[in-house]
Amino acid sequence: NDLWLHTRDYPGSHVVILTEKKKVPEEVIRHAAKLAARSSGAKNDTSPEVMVTERKWVRKIKGGKPGQVRVERFRTIRVRDE
């Protein structure tokens, strides 16, 4: 049930929150989303979207480039510059 985050429509790092099967506070998810945005091609975007999903909904694309994945179910968080 670990959470996986990645900036939508930009190349960059995947961020994983290890949940230990516990509910993760929204403030922790928002902080992780900011890390994902800063570690991506969206670092100069003032309001990028970050996908958040459980790790089980992320699949590697067969024959795809390293790091290329398909995400089946997710919600998005818009990260604002602060």
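Quick caveat, the model's predicted, so the values are computed rather than measured.

Comments concerning unusual backbone geometry
The phi torsion of most residues other than glycine is negative, and most of the peptide bonds are trans. Unusually for a residue other than glycine, Asp-9 sits at a positive phi of about 70°. Along the chain, Asp-9 turns up in the loop between β1 (3-7) and β2 (15-17). What makes Asp-9 exposed here is its relative accessible area of 72%. Phi at Glu-20 takes a positive value of approximately 50°, unusual for a residue other than glycine. Residue placement: Glu-20 occurs in the loop between β2 and α1 (26-38).

Quick notes on the pattern of salt bridges
Applying the stated rule across the entire model yields five salt bridges. Put simply, Lys-56 and Glu-54 hold a salt bridge, and the shortest N to O gap is 3.4 Å. Judged by its relative accessible area of 27%, Glu-54 falls in the partly exposed class. In this structure, a network of salt bridges that share partners links the residues Arg-8, Glu-49 and Arg-78.

A look at the nonpolar core
Leu-3, Leu-5, Ile-17, Ile-29, Ala-33 and Val-50 are the most contacted members of the largest nonpolar core, which totals 14 residues. Those elements that place two or more of their residues in this core are β1, β2, α1 and β3 (49-54). Beyond its immediate stretch of four places on either side in the chain, Leu-3 contacts Val-15, Val-16, Ile-17, Thr-19, Val-24, Ile-29, Thr-53 and Glu-54.

So, α1
For α1, with 13 residues, the first-to-last C-alpha span of 18 Å sits near the 18 Å given by 1.5 Å per residue. By the burial criterion, the buried members of α1 are Ile-29, Ala-32, Ala-33, Ala-36 and Ala-37. All buried residues of α1 project into a common sector of 140° when viewed along the axis, lining one side. Exposed and facing more than 90 degrees away from the buried side of α1 are Glu-27 and Arg-38. The inward-facing, buried residues of α1 contact β1, β2, β3 and β6 (75-78).

What counts and how
Residues numbered from 1 in each chain as written. Predicted model: local features only at pLDDT ≥ 70, side-chain atom pairs only at ≥ 80, totals over all residues. Heavy atoms only, no water. Helix = DSSP H or I, 4+ residues; strand = E, 2+ residues; numbered from the N terminus. Buried < 20%, exposed > 50% of the residue type's maximum accessible area, 1.4 Å probe, protein only. Salt bridge = Lys/Arg side-chain N within 4 Å of Asp/Glu carboxyl O. Core = buried A, V, L, I, M, F, W, Y, C linked by side-chain atoms within 4.5 Å. Contact = heavy atoms within 4.5 Å. Expected span 1.5 Å × (residues − 1). Arc of directions from axis to C-beta.

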